[in-house]
Amino acid sequence: MTPGDQTVHSLLVVEDEPTLRELLAASLRFAGFHVRTAATGEEALVIAMRDRPHLVVLDVMLPDMDGFEVLRRLREQSSGSADGRSGTTPVLFLTARDDPTDKLNGLSMGGDDYVTKPFQLDELIARIRVIIRRAQGQPSDNTLTVADLEIDVNAHLVTRAGEAIELSPTEFKLLRYLMAHADQTLDKAKILNDVWQYDFGGDPSIVESYVSYLRRKVDQVEPKLIHTVRGIGYVLRRPRT
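Predicted model, so just to flag it, every value in this text is computed and none were measured.

Undergrad: Looking at this model, I keep getting lost on the sheet that holds strand 5 (residues 113-116). Mind explaining?
TA: Either a parallel or an antiparallel arrangement is found when strands of a sheet pair, and the pairing is made through backbone hydrogen bonds. Ordered in space as 2-1-3-4-5, the 5 strands form an open sheet in which the pairing is parallel. Looking at the sheet topology across the chains shown, the edges are occupied by strand 2 (34-38) and strand 5. Within the sheet, the average angular offset between the axes of one strand and its neighbour, ignoring direction, is 20°. Running over the sheet, helix 1 (residues 18-30) touches strand 1 (10-14), strand 2 and strand 4 (91-95) and is turned about 170° from strand 2. Along the sheet face, helix 6 (residues 121-135) touches strand 1, strand 3 (55-59), strand 4 and strand 5 and points at about 175° away from the line of strand 5.

Dropping the structure here:
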């Protein structure tokens, strides 16, 4: 629930391990969500059809069927649903399996995100909120996107190609600034002044150090987005198509 939004979003947590299921349910309720739980795929499908949750947190490894099969059947329910909502309910996969093939399968089948155990609860909650906002078509003024790099200001979440990137508060502030000025060459003095709010007498090596930190985290994949403009500063550049 975001500031000014009184809607209590409903979640369905599908997890066969009782301790983790209850921990997730309690944590998500504390975060302001209405939570139902299920321990099997069949139970999840019944609850999803009946309650129409805003999002399903779905374990891949279930005792009766895997999460991919649950998602397939969930999507099929749209054809028999009066409003079609059960077939378009966002799904976040939760699994101990980190095989890239599993992730590709889940996303290609219509999953909205894929979180690998063990995970941070804060990150999971942030991802859930991002998915729900997208699904509801809420304004994206607080989301910046350049190529496959996305930063959600409210959730303090950064992803590239769907993978979460952990940033320090200063790294986050710098990346947000660069993305807000995408394709603009920014000199070090301006970055120092606007991000660190020092006067021009500040040490530009601070900028160089933090840009280096960002590159190690953001530009691990192609195409590289953060570029040096010799003798001037830096630019976060959209890839040429």
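Undergrad: Looking at this structure, I do not really get unusual backbone geometry. What am I missing?
TA: The bulk of non-glycine residues show a negative phi, and the bulk of peptide bonds are trans. Put simply, Lys 117 and Pro 118 share a cis peptide bond, and its omega is -5°. If you trace the backbone, Pro 118 turns up in the loop between strand 5 and helix 6. The omega torsion of the bond from Glu 222 to Pro 223 falls at -5°, within 30 degrees of zero and hence cis. Tracing the chain through its elements places Pro 223 in the loop between helix 9 (205-218) and strand 11 (226-229). Positive phi values are uncommon outside glycine, yet Ala 161 reaches one of about 55°. In this structure, Asp 183 takes a positive phi of about 75° despite not being glycine. Along the chain, Asp 183 turns up in the loop between helix 7 (169-180) and strand 10 (186-187).

Undergrad: So what exactly am I meant to see when it comes to the side chain of Ser 27 here?
TA: When you line up the elements, Ser 27 lands in helix 1. The exposure class of Ser 27 is buried, given its relative accessible area of 17%. A distance of 2.9 Å separates the side chain of Ser 27 from the backbone oxygen of Leu 23, its partner in a polar contact. Not counting the four nearest positions on each side in its chain, Ser 27 is found in contact with Leu 121 and Ile 125.

Undergrad: Sorry if this is basic, but what is going on with the nonpolar core here?
TA: Most often, soluble globular proteins keep nonpolar side chains buried together rather than apart. Among the nonpolar cores identified, the biggest contains 26 residues, and Leu 149, Val 158, Leu 174, Leu 175, Ile 191, Leu 214 and Leu 236 are the most heavily contacted of them. Mapped onto this core, the elements with two or more residues apiece are strand 7 (149-152), helix 7, helix 8 (188-196), helix 9 and strand 12 (233-236). Broken down by element, the residue count for this core peaks at 6 residues, all from helix 7. With near-sequence residues (within four places) excluded, Leu 214 lies in contact with Leu 167, Glu 171, Leu 174, Leu 175, Leu 178, Asp 219 and Ile 226.

What counts and how
Residues numbered from 1 in each chain as written. Predicted model: local features only at pLDDT ≥ 70, side-chain atom pairs only at ≥ 80, totals over all residues. Heavy atoms only, no water. Pairing = 2+ DSSP bridges. Helix = DSSP H or I, 4+ residues; strand = E, 2+ residues; numbered from the N terminus. Axes fitted to C-alpha atoms, helices over the stretch in contact; angles between N-to-C directions. Contact = heavy atoms within 4.5 Å. Buried < 20%, exposed > 50% of the residue type's maximum accessible area, 1.4 Å probe, protein only. Polar contact = N/O pair within 3.5 Å; in protein donor to acceptor, adjacent residues only side chain to side chain. Core = buried A, V, L, I, M, F, W, Y, C linked by side-chain atoms within 4.5 Å.

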